[in-house]
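Summary of structural features
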Amino acid sequence: MTDNNTSTQQKTRTKTKVERPRLHKVILVNDDYTPREFVVTVLKSVFHMNEAGAFRVMHTAHVRGTCVVAVFTRDVAETKASEATELGRASGYPLQFTTEPEE
Ligand code: TYC
């Protein structure tokens, strides 16, 4: 017999480490054409924001150029950004939502 698992041999333990999935930001991008009220409506319907929160995000993007709307797992962030961008496109507006990974 070989010395597998005798007192002299070190046993191997596997420690499984799980990590939280990286989160991705959905970012609202300002433009010169989409009406403010339309942006607020999209934020309320796709991101379930209330009027005050949606207005604040819209206004921040309007003044600063962009605003982080929320963070999600990558799939959810990409789906919501596409849905929100598509709502603008369907109404003839250039409204853009993008995503980027969090640090
Ligand atoms: N800048 C637009 C306007 O003056 C409003 C707007 C705000 C559009 C935020 C896009 O992400 C945006 N009508």
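To keep things clear, this report deals only with the structure shown in the data block. Small disclaimer: the values here were computed from a predicted structure and weren't measured.

Neighbouring the ligand are the residues Leu28, Val29, Asn30, Asp31, Thr34, Arg36, Val39, Met58, Ala61, His62 and Leu95. In this structure, Asn30 approaches the ligand through a side-chain N or O atom, which is 2.8 Å from a nitrogen atom. The contact in question runs from a nitrogen atom of the ligand to an N or O atom on the backbone of Thr34, over 2.9 Å. Looking at the shell around the ligand, the elements with two or more residues in it are β1 (23-29), α1 (36-47) and α2 (51-64). When residues in the shell around the ligand are grouped by element, the largest group, three residues, is from α2.

For the rest of this paragraph, the subject is α1. With 12 residues, α1 ought to run about 16 Å at 1.5 Å a step, and its terminal C-alpha atoms sit 16 Å apart, in line with that. Phe38, Val39, Val40, Val42, Leu43, Val46 and Phe47 are the residues of α1 that are buried. Those residues of α1 hidden inside the fold are in contact with β1, α2, β2 (66-73), α3 (74-90) and β3 (96-101). Once α1 ends, the next one or two residues include His48, with phi positive near 55°.

A negative phi angle characterises most non-glycine residues, just as the trans form characterises most peptide bonds. Of note in this structure, His48 is not a glycine but carries a positive phi near 55°. The topology assignment puts His48 in the loop between α1 and α2.

Where α1 contacts α2, the two axes come as close as 9 Å, and the packing angle between them is 125°. Viewed along their axes, α1 and α2 adopt a mutual orientation that is oblique. Our pair here, α1 against α2, has a crossing hand that is right-handed. Judged by residue contacts, Arg36, Glu37, Val39, Val40, Leu43 and Lys44 of α1 engage Glu51, Ala54, Phe55, Val57, Met58, His59 and His62 from α2. For the contact of α1 with α2, the class distribution of residues is seven nonpolar, two polar and four charged.

Structurally, Lys80 can be placed in helix α3. Lacking a salt bridge, the buried Lys80 has Glu83 as its closest oppositely charged neighbour, with an N-O distance of 5.3 Å.

Before going further, it helps to examine the packing of aromatic side chains. All chains considered together, the criterion is met by three aromatic pairs. Among the aromatic residues, those joined into a ring-pair cluster are Phe47, Phe72 and Phe97.

The strands that make up a sheet are held in pairs by hydrogen bonds between backbone atoms, and each pair lies either parallel or antiparallel. With respect to topology, three strands assemble into an open sheet ordered β2-β1-β3, the strand pairing being antiparallel. Taken across any chain shown, the strands that pair with only one partner, and hence form the sheet edges, are β2 and β3. Neighbouring strand axes in the sheet, compared pairwise and without regard to direction, differ in orientation by 30° on average. Taken together, the six bridges between β1 and β3 define a ladder with antiparallel strand orientation.

Analysis parameters
- Residues numbered from 1 in each chain as written.
- Predicted model: local features only at pLDDT ≥ 70, side-chain atom pairs only at ≥ 80, totals over all residues.
- Heavy atoms only, no water.
- Near = heavy atom within 4 Å.
- Polar contact = N/O pair within 3.5 Å; in protein donor to acceptor, adjacent residues only side chain to side chain.
- Helix = DSSP H or I, 4+ residues; strand = E, 2+ residues; numbered from the N terminus.
- Expected span 1.5 Å × (residues − 1).
- Buried < 20%, exposed > 50% of the residue type's maximum accessible area, 1.4 Å probe, protein only.
- Contact = heavy atoms within 4.5 Å.
- Axes fitted to C-alpha atoms, helices over the stretch in contact; angles between N-to-C directions.
- Parallel < 35°, antiparallel > 145°, perpendicular 65-115°, else oblique.
- Left-handed = near helix turned anticlockwise from the far one by under 90°.
- Nonpolar A, V, L, I, M, F, W, Y, C, P; charged D, E, K, R; others polar.
- Lys, Arg positive; Asp, Glu negative; His and termini not counted.
- Salt bridge = Lys/Arg side-chain N within 4 Å of Asp/Glu carboxyl O.
- Phe/Tyr/Trp six-rings, centres within 6.5 Å; stacked < 30°, edge-to-face > 60°.
- Pairing = 2+ DSSP bridges.

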